[in-house]
Amino acid sequence: MMNFQNAAFEFAVGTSSGLPLCSLPEIVFSGRSNVGKSSMINRLVGRKSLARTSSSPGKTATINFYRLGFCRFVDLPGYGYARVSKADKTRWAELVQGYFEAGRDARLVVQIVDMRRPPTEDDWGMIGYLQQKEIPFLVAASKSDKLNVTERASQNVCLTDLFSRRNIPYVAFSARNGEGVEHLRSVILASCRE
Ligand code: GDP
């Protein structure tokens, strides 16, 4: 059965040499700190606190793995937090690149950006990296419920245009009101079936 229930935390990895064997398709979640990554994971699996939400940004970066029946969710450490040291940034890059270069079965990256503002330089850096590595990804614009109807409509047009010009699939998402949840689930299922 390919459902999103029965998700369980499996392990956290702090160095790329500690990555476990890859035995399942992996769905990867990426975005800057505080963008709503944990809330998205929790919403997709219908659980309140599988992934920790709003922990202190800049805490020790780990990649967290969650086991679902048909795949793993891979929660990359957030980036773009202003007050991290150069050493922490280097460690983040080593860990994330180590993950993507380990020959794992990464089926899809859900690259999360905040719907309320244009993608950051770090967001574009991550998108460029995924394109260069030819890793399948889509962009999910988080916290869509935080915009009023007018703002949401204009920002949606803006982001749709921005990403469609680059042939990047895009979806608006809200962990609060559930916008985009079913769409994202069906994209995840489809990439695991390939
Ligand atoms: P992470 O650091 O990327 O894992 O972000 P979190 O999931 O911890 O979310 C950061 C903050 O944004 C928390 O206060 C969440 O409650 C809030 N948040 C996340 N997603 C949404 C959303 O879709 N709507 C609203 N209104 N708030 C959200």
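Scroll up to find the structure this text is about.
Residues numbered from 1 in each chain as written. Predicted model: local features only at pLDDT ≥ 70, side-chain atom pairs only at ≥ 80, totals over all residues. Heavy atoms only, no water.

Enquirer: I'm lost on the overall build of the protein in this one. Help?
Expert: Across its full length, the protein carries five helices and seven strands. For 194 residues, the compact-globule estimate of 2.2 N^0.38 gives 16 Å, and the C-alpha radius of gyration of the protein, at 16 Å, lies within 12% of that figure. Each of the three principal axes of the protein carries a C-alpha extent, and together these read 45 × 45 × 30 Å. Considering only intrachain contacts with a sequence separation of at least 6, the fraction spanning at least 24 residues in the protein is 78%. Of the accessible surface of the protein, which amounts to about 9,700 Å², a share of 50% is contributed by carbon and sulfur atoms. The average position of the 26 basic charges and that of the 18 acidic charges among the side chains of the protein differ by 6 Å. (Helix = DSSP H or I, 4+ residues; strand = E, 2+ residues; numbered from the N terminus. Rg over C-alpha atoms; globule rule 2.2 N^0.38 Å. Contact = heavy atoms within 4.5 Å. Areas by Shrake-Rupley, 256 points an atom, 1.4 Å probe, with all protein chains shown as cover. Lys, Arg positive; Asp, Glu negative; His and termini not counted. Charge placed at Lys NZ, Arg CZ, Asp CG, Glu CD.)

Enquirer: Which parts of the structure should I look at to understand the side chain of S142?
Expert: Along the polypeptide, S142 turns up in strand β6 (residues 137-142). S142 sits in the buried class, given a relative accessible area of 2%. Those residues in contact with S142 that lie beyond four places of it in its chain are V35, I112, V113, D114, M115 and F173. (Buried < 20%, exposed > 50% of the residue type's maximum accessible area, 1.4 Å probe, protein only.)

Enquirer: What exactly am I supposed to notice about the packing of helix α2 (residues 86-100) against helix α3 (residues 121-132) here?
Expert: A pair of packed helices can be characterised by two numbers: the angle between their axes and the separation between those axes. In contact at an axis separation of 12 Å, α2 and α3 are set at 30 degrees when each is read in the N-to-C sense. Relative to α3, the element α2 lies roughly parallel. The handedness of the crossing between α2 and α3 is right-handed. On the side of α2, the interface is formed by W92, V96, Q97 and F100, while α3 contributes M126, Y129 and L130. For the contact of α2 with α3, the class distribution of residues is six nonpolar, one polar and no charged. (Axes fitted to C-alpha atoms, helices over the stretch in contact; angles between N-to-C directions. Parallel < 35°, antiparallel > 145°, perpendicular 65-115°, else oblique. Left-handed = near helix turned anticlockwise from the far one by under 90°. Nonpolar A, V, L, I, M, F, W, Y, C, P; charged D, E, K, R; others polar.)

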